[in-house]
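Residue-level listing of the chains:
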Amino acid sequence: MTDIDLKDLKDRLWHSADMLRAGAHLAANKYGQPILGLIFLRYADVLFKQHKADIDAEYEQHKGTRMERDYKDVAIEKCGFYLPECAYFDYLNDAPDDANKALLVKRAMEAIERENPRMDGVLPKEVYGQLVPEEEPDLLSRIVRVFKDIPEDISIDLFGQIYEYFLGNFALAEGQGGGAFYTPASVVQYMVEVLRPEIGDKKFLDPACGSGGMFVQAARYMHRHNASTGSAQVLSDQMMHFRCYGVEKEPDTVKLAKMNLLLNNIRGEITEANSFYSDPYSAFGQFDYVMANPPFNVDEVVTERVIDDKRFSTYGVPRNKTKSTKKASDKKETVPNANYLWIGYFATALNENGKAALVMANSASDAGASELEIRKKMIEDGIISQMVTLPSNMFSTVTLPATLWFFNKQRTHKDEILFIDARNIFTQVDRAHRKFSDEQIKNLGIITRLYEGDSAAFWALVEEYKAEGKQTEVDWLLERWPDGKYQDVIGLCKVAKLEGEDGIIDQDYSLNAGRYVGVVIEDDGMTEAEFAETMRSLHTDFSALNQEADALSKEIEKNMNELFGEG
């Protein structure tokens, strides 16, 4: 399937949401549940059919012998799950176009959960009754037929992309609410490009995992960058040792994340919990990778419940400037802002070789008081490797720019931090939203590779662009790093030392990239005399326009008086 074919398919499938808006008795922010559930049913059907010949052959080979095995056990071994006949998509699609269709879909999902315990409680079984309104009882049937258009030879990776496409569109449609479960794919792809997760026996944590997008993009990166190093079976075996651990406090979002992992064939666990008060994976010092986009500026975390937790207390818990005057019986003291609870948690969850990437509010980069003291400890500890300021309008939840923080416990240059100001690097999606293009992700990512001394990756990217006829991208790279070696670029990137003139200490331990990278002052190429002459000419034009405006104003006043009289 070509990229164009996939885009056309996504657009046609998204039309199903339009059908819901027109007829379903369902709130606008609830469209996602039934649609994503149907995508999962179609995924399960296609995947099972792709393995069915092997399942049948294995079962028939030993049928009637002492080695005979239950058909369900063979299916789980070959496919990863067993699909009962009542959940076959053709069975659902061919059923009469009436209100009974909702009951059939519910029974199909119940059967899948019953036969596959790891899916228990994941599927949205109860919502389909609202998709067969009395005035339009065939609505659900028409939506089911839309998803029948997904071809049966489609790859599972493309199924994951379809699911992600719907998650992103639902997030845009829901605005603030949607952003709670979805981080834009291009932002996550850039985070992964910098982090470069390695395949193998690795543990990956997201303590505010939403719908699981961080895990999905990390897994895709590893597939993409390791596919050429061995057979598909070897890659699959290695991926089995890569395990994801997510925490999410919203029950419906937990279900989205579990379906996302299943659709992308990612092994892992999603636990419903509040990461401030619960530590289901004993995270301290345990993880190779941490990635997250946590909720910003939370102010209701009870101080006494986190003050002695080493996940947070290692670098320090934010405190109010003055002690509360409230009585002990009154409301308990809360952390003034939980941003630095998250930041400290991500740092302490890493093992001795761990790396982390997280999205954070811009304000955290310069926060004062107790947060400044925490930031000082982290900077002096040398764990912060890179800070990136993002463009505005990249998220559906906030319009202001956010910042990416990167931690790396493997690095040797702990007395410096790489700052990147990416506020002017984006592709406009629509009036209110932006994203990174594939080329922008690669170009920003190569800055990190150059900083790490990987000139080979830089020249490989240049050659890739040349082969694809992307001369503009070649020029962008070579204008900034003509020798294929890292150097600071005004307005884009800067390596700042901890000490020294204009160093991080000099800047009051600020982690705001704008303080370090500077601003580009464009050279207009004019001499001083040429500039003076240009300004005189512009002033003459301006004066003439003012005189013309004054004459027009008097003419308008005269005409108005003639029409309506004075006074």
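Per chain, residue numbering runs from 1 following the sequence as it is written. Reporting of local features is limited, given that this is a predicted model, to residues whose pLDDT is at least 70; pairs of side-chain atoms are given and counted only at 80 or more, and all residues count toward the totals for whole chains, interfaces and linings. Note: side-chain values were computed over all heavy atoms of the structure, leaving out hydrogens and water.

**Some points on the overall build of the protein chain**
Across its full length, the protein chain carries 19 helices and 11 strands. By principal-axis analysis of the C-alpha atoms, the protein chain measures approximately 100 × 75 × 70 Å. The contact criterion used throughout is that any non-hydrogen atoms of two residues lie within 4.5 Å. For the protein chain, restricting intrachain contacts to residue pairs at least 6 apart in sequence, the fraction spanning at least 24 positions comes to 74%. Working definition: helices are DSSP H or I runs of at least four residues, strands are E runs of at least two. Numbering for both runs from the N terminus.

**Overview of the pattern of salt bridges**
Any carboxyl oxygen of Asp or Glu that lies within 4 Å of a side-chain nitrogen of Lys or Arg is treated as forming a salt bridge with it. Counted under the stated rule, the structure contains 37 salt bridges. Of the charged contacts in the structure, one is a salt bridge between R42 and E152, with a shortest N-O distance of 3.8 Å. Within this pair, whereas R42 is found in helix 2 (residues 32-62), its partner E152 is found in the loop between helix 6 (139-148) and helix 7 (156-174), the two being separated by 110 residues in sequence. Overlapping salt bridges, with partners in common, bring together R42, D45, K49, D90, K148 and E152 in one network.

**A short note on the environment of K470**
With respect to the helices and strands, K470 occurs in the loop between helix 16 (455-467) and helix 17 (471-480). A simple rule labels every residue: compare its accessible area, found with a 1.4 Å probe on the protein chains alone, to the largest value its type can have, and call it buried under 20%, exposed over 50%, or partly exposed in between. Exposure remark for K470: the relative accessible area of 26% places this residue in the partly exposed category. A sequence separation of 31 residues divides K470 from E439, and the C-alpha atoms of the two residues are 9.5 Å apart. With residues near it in sequence (within four places) discarded, K470 still touches E439 and Y465. Definition of a polar contact: a pair of N or O atoms within 3.5 Å, with one able to donate and the other able to accept a hydrogen when the atoms are protein atoms, and with sequence-neighbouring residues admitted only if both atoms are side-chain atoms. Among the polar contacts made by the side chain of K470, one reaches the side chain of E468 at a distance of 3.0 Å.

**Brief notes about the side chain of N408**
Residue placement: N408 occurs in strand 7 (residues 402-408). Taking the relative accessible area as the measure of exposure, N408 reaches 13% and is therefore buried. Separated by 2.8 Å, the side chain of N408 and the backbone nitrogen of Q410 make a polar contact. Setting aside residues no more than four positions away along its own chain, N408 makes contact with G354, K355, G382, I383 and S385.

**A word on the sheet that holds strand 5 (residues 350-361)**
The strand order 3-2-1-4-5-7-6-8-11 describes an open sheet built from nine strands, whose pairing is mixed. In this open sheet, the two edge strands, each paired with only one partner strand, are strand 3 (268-272) and strand 11 (493-497). The mean inter-strand angle of the sheet, taken between neighbouring strand axes irrespective of direction, is 15 degrees. Between the N-to-C directions of two axes lies an angle of 0 to 180 degrees, each axis being a line fitted to C-alpha atoms and, for a helix, fitted only over the stretch in contact. Its contacts with the sheet place helix 9 (residues 213-226) against strand 1 (203-206), strand 2 (243-248), strand 3 and strand 4 (287-292), and it is angled at close to 150 degrees to strand 1. Strand pairing follows a simple DSSP-based rule, namely that at least 2 bridges must link the two strands.

**Here we look at the nonpolar core**
Counting 66 residues, the largest nonpolar core has I39, F40, F147 and F166 as its most contacted members. Those elements that place two or more of their residues in this core are helix 1 (3-23), helix 2, helix 3 (71-79), helix 4 (89-94), helix 5 (100-115), helix 6, helix 7 and helix 11 (251-263). Considering each element in turn, this core owes the most residues, 12 residues, to helix 2. Apart from the residues within four sequence positions on either side, I39 is in contact with F147, F159, I162, Y163, F166 and L263. What we call a nonpolar core is a set of buried Ala, Val, Leu, Ile, Met, Phe, Trp, Tyr and Cys residues that are connected through their side-chain atoms within 4.5 Å. Counting 58 residues, the second-largest nonpolar core is a separate cluster that includes M191, F215, M222 and W481.

**A look at the environment of H15**
If you trace the backbone, H15 turns up in helix 1. Take H15: its relative accessible area is 43%, and that puts it in the partly exposed class. In the structure, H15 is positioned 328 residues away from I343 in sequence and 40 Å away in space, judged by C-alpha atoms.

**Observations concerning a negative patch on the surface**
A patch is a set of surface residues, each over 30% in relative accessible area and not in a salt bridge, joined within 9 Å for like charges and within 5 Å for the nonpolar side chains Val, Leu, Ile, Met, Phe, Trp and Tyr. Under the convention used here, a 1.4 Å probe and the Shrake-Rupley method define accessible areas, while residue burial counts only the protein chains that appear. By the counting scheme adopted, Arg and Lys are positive, Glu and Asp are negative, and His together with the chain ends is not counted. All charge positions are set by atom: Lys at NZ, Arg at CZ, Asp at CG, Glu at CD. On the surface, a cluster of negative charge is contributed by E501, D502, D506 and D508. Relative to the elements of secondary structure, D502 occurs in the loop between strand 11 and helix 18 (514-517).

**Notes on the pairing of strand 6 (residues 384-389)**
The buried fraction of strand 6 is high, at six of six residues. In this structure, strand 6 lies alongside strand 7, joined through five bridges in antiparallel fashion. Paired with T389 across the strands is T403, a residue of strand 7. Of the strand pairs in this sheet, strand 6 and strand 8 (residues 416-421) are connected by four bridges, and their pairing is parallel. If you follow T389 over to strand 8, its bridge partner there is D421.

**Section: empty space enclosed by the protein**
Of the two site types, the cavity is a set of points on a 1 Å grid over the protein atoms alone where a 1.4 Å probe fits but cannot get out, and the pocket is an open set with protein on both sides within 12 Å along at least five of seven lines, each lined by residues with an atom within 4 Å of a point. Grid points are joined across faces, edges and corners, and a volume is the space filled by probe spheres set on the points. In this structure the tally under the stated criterion is one cavity of 30 Å³ or more. Roughly 70 Å³ of internal volume is contained in the largest cavity. What lines the largest cavity is simply E164, L167, Y182, T183, P184, A185, V188, S211, G213, V216, Q217 and N260.

**With respect to the packing of aromatic side chains**
Geometry of aromatic contacts follows a simple scheme: Phe, Tyr and Trp rings, the Trp one being its six-membered ring, pair when their centres are within 6.5 Å, and the pair is stacked under 30 degrees between planes, edge-to-face over 60, tilted otherwise. With the rule as written, the count across this model stands at 26 aromatic pairs. Look at Y190 and F406: their rings are 6.4 Å apart centre to centre, the planes differ by 75 degrees, and that puts the pair in the edge-to-face class. Taken as a pair, Y190 in helix 8 (residues 185-195) and F406 in strand 7 lie far apart in primary sequence, 216 residues in all. With a relative accessible area of 2%, F406 lands in the buried category.

**Examining a nonpolar patch on the surface**
A cluster of nonpolar side chains, namely I556, M560, L563 and F564, defines an oily patch on the protein surface of about 480 Å² accessible area. Within the fold, M560 resides in helix 19 (residues 528-564).

**Thoughts on unusual backbone geometry**
Phi is positive for A369, which is not a glycine, with a value near 55 degrees. Position of A369 among the secondary structure elements: in helix 14 (residues 369-381). Positioned with a positive phi, N393 is a non-glycine residue whose angle comes to about 60 degrees. Overall, N393 belongs to the buried group, its relative accessible area being 16%.

**Considering helix 2**
The terminal C-alpha atoms of helix 2, which comprises 31 residues, lie 43 Å apart, in line with the 45 Å expected from a rise of 1.5 Å per residue. Each residue is assigned a bend, namely the angle between axes fitted to the seven residues that terminate at it and the seven residues that start at it. By the largest-angle criterion, H51 marks the main kink of helix 2, which is about 50 degrees. Backbone geometry just after helix 2 places G64 at a positive phi near 85 degrees. Any helix carries an expected span of 1.5 Å times its number of residues minus one.

**Here's the deal with the packing of helix 2 against helix 3**
Look at helix 2 against helix 3: their axes get within 9 Å of each other, and the N-to-C directions meet at 125 degrees. The angle between helix 2 and helix 3 falls in the class oblique. Regarding helix 2 and helix 3, the two cross each other, and that crossing is right-handed. Residues L47, F48, H51, K52, D54, I55, D56, E58 and Y59 of helix 2 lie in contact with helix 3, whose contacting residues are Y71, V74, A75, K78 and C79. Each residue gets one of three labels, nonpolar for Ala, Val, Leu, Ile, Met, Phe, Trp, Tyr, Cys and Pro, charged for Asp, Glu, Lys and Arg, and polar for the others, Gly among them. Residues that form the contact of helix 2 with helix 3 fall into these classes: eight nonpolar, one polar and five charged. With respect to orientation, any angle under 35 degrees is reported as roughly parallel, any angle over 145 as roughly antiparallel, any angle of 65 to 115 as roughly perpendicular, and every other angle as oblique. Two helices cross in a left-handed way if the nearer one is turned anticlockwise from the farther one by less than a right angle. They cross in a right-handed way if the turn is clockwise.

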